[in-house]
Amino acid sequence: AGLQGAMRELNESSFDPVTFVLTGIPGMEESHVWISVPFCLMYLAAVFGNSAVLVAVATERSLHEPVYLFLAMLAASDLLLCTSTVPRMLAVFWFGAREISFDACVAQMFFTHFAFIVESSVLLAMAFDRYVAVCDPLRYAATLTPAVMAKMGAAAVARGFCIMLPPVFLLKRLPFCGRRVLPHSYCEHMGIARLACADIRANVWYGLATALLSSGLDAALIAASYALVLRAVLRLPPAEARLKALSTCGSHLCVILTFYAPAFFSFLTHRFGHHIPGHVHVLLADLYVVLPPVLNPLVYAARTRPVRERVGRLL
């Protein structure tokens, strides 16, 4: 019995994965080089655009106001989101570097989801900023003080860390019995969990709960804040005043749509769209880690004159 137990323990430990294998976009391996070109260009544009926004806000004292500081937070989370995923994705596409260690895979999963949650929190804070600016403008400066801004930024980071720490331990506790192929371009929570040879209901329910209570809750609160903003705007007597108030929210609404629309579409199709081909799921997931970081600086540079002018002077 002792010998059998030792052999069983040896067999189980020998199947613990030293590495996983990322497939890239399953079924489209022959097109990886061509697919990599737009992703590489988008990544370079995202790094350049968000870095320019960060430098502009950091070096121009006139931009040290809540709306621009929120923009800097958004740029930082965008940089983390795309940098934690796209370089590894390009390595798979270009060099066939598909193997990734278990610890590196979990680390990538942590930073990807962490950046997504932080960005969602920043977008919620920006919606609160627009609500105060439109609905209670006389108290704007007293409400959004530098101390409040610092607390909001710290809360966004702490929230992302606290939400994403449990999945690390939920994955670490799982046994893996030889299945190593991860049909994705990067590591994400449920993709790793499905390779385990154990009950993963805790991972499934935690993933669903965090999606609903983080990004889902944020989206609902953002919608509620804009409903209040719209109600306040419609009560303004002159048409010009209504247009001016709405224009201050336009760029933020564009950013919200580019962030949440592909993410929720990917989330819903991944869980309920079982008839949708696997390569479509992966392409959507690849896009939502690179598309918002590309578009956000363009939207704000196009609609926010002080940022556009400061970036222009830097260039």
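One can find the structure itself at the top, above this paragraph.
Before going into details, it helps to say that this report is about the structure given with it. Computed from a prediction, not measured in an experiment: that's the story for all the values here.

Each value, and the rule that gives it
Residues numbered from 1 in each chain as written. Predicted model: local features only at pLDDT ≥ 70, side-chain atom pairs only at ≥ 80, totals over all residues. Heavy atoms only, no water. Axes fitted to C-alpha atoms, helices over the stretch in contact; angles between N-to-C directions. Helix = DSSP H or I, 4+ residues; strand = E, 2+ residues; numbered from the N terminus. Parallel < 35°, antiparallel > 145°, perpendicular 65-115°, else oblique. Left-handed = near helix turned anticlockwise from the far one by under 90°. Contact = heavy atoms within 4.5 Å. Nonpolar A, V, L, I, M, F, W, Y, C, P; charged D, E, K, R; others polar. Buried < 20%, exposed > 50% of the residue type's maximum accessible area, 1.4 Å probe, protein only. Disulfide = S-S within 2.5 Å.

A word on the packing of helix α3 (residues 66-83) against helix α7 (residues 146-172)
At step 1: In contact at an axis separation of 11 Å, α3 and α7 are set at 20 degrees when each is read in the N-to-C sense. Judged by the angle between their axes, α3 and α7 are roughly parallel. Handedness of the crossing formed by α3 with α7: right-handed. Touching P66, L69, F70 and M73 of α3 are M149, M152 and G153, all from α7.
At step 2: Its residues assigned to classes, the contact of α3 with α7 comprises 6 nonpolar, 1 polar and no charged.

Re the side chain of D129
At step 1: In this structure, D129 sits in helix α5 (residues 102-135).
At step 2: Look at D129 and you get buried, because its relative accessible area is 2%.
At step 3: Excluding residues that lie within four positions of it along the chain, D129 makes contacts with P66, V67, F70, Y140 and L144.

A look at the state of the cysteines
At step 1: All chains considered together, the criterion is met by 2 disulfides.
At step 2: What pairs with C105 in a disulfide is C187, and their sulfur atoms sit 1.9 Å apart. Judged by the torsion about the S-S bond (-105 degrees), the C105/C187 disulfide is left-handed. Taken together, the residues span a long stretch of sequence, with C105 in helix α5 and C187 in the loop between β3 (181-182) and α8 (189-193) at a distance of 82 residues.
At step 3: Accessibility expressed as a relative area gives 0% for C105, which makes it buried.
At step 4: In this model C177 forms its disulfide with C197; the gap between the sulfur atoms is 1.8 Å. Taking the sign of the S-S torsion, about 50 degrees here, the bridge from C177 to C197 comes out right-handed. Here C177, found in the loop between α7 and β3, pairs with C197, found in the loop between α8 and α9 (201-234); they are 20 residues apart in sequence, far enough to count as distant.
At step 5: By relative accessible area, C177 is classed as partly exposed at 45%.
At step 6: Cysteine pairing for the protein, with bonded cysteines counted in sequence order: 1-3, 2-4.

Looking at the packing of α5 against α7
At step 1: Running from amino to carboxyl end, α5 crosses α7 at an angle of 150 degrees, the nearest separation of the two axes being 8 Å. Of the possible angle classes, the one that applies to α5 and α7 is roughly antiparallel. In terms of crossing hand, the pair formed by α5 and α7 is right-handed.
At step 2: Class assignment of the residues belonging to the contact of α5 with α7 gives a composition of 19 nonpolar, 3 polar and 3 charged.

Keep in mind these numbers describe shape, not what the thing actually does.
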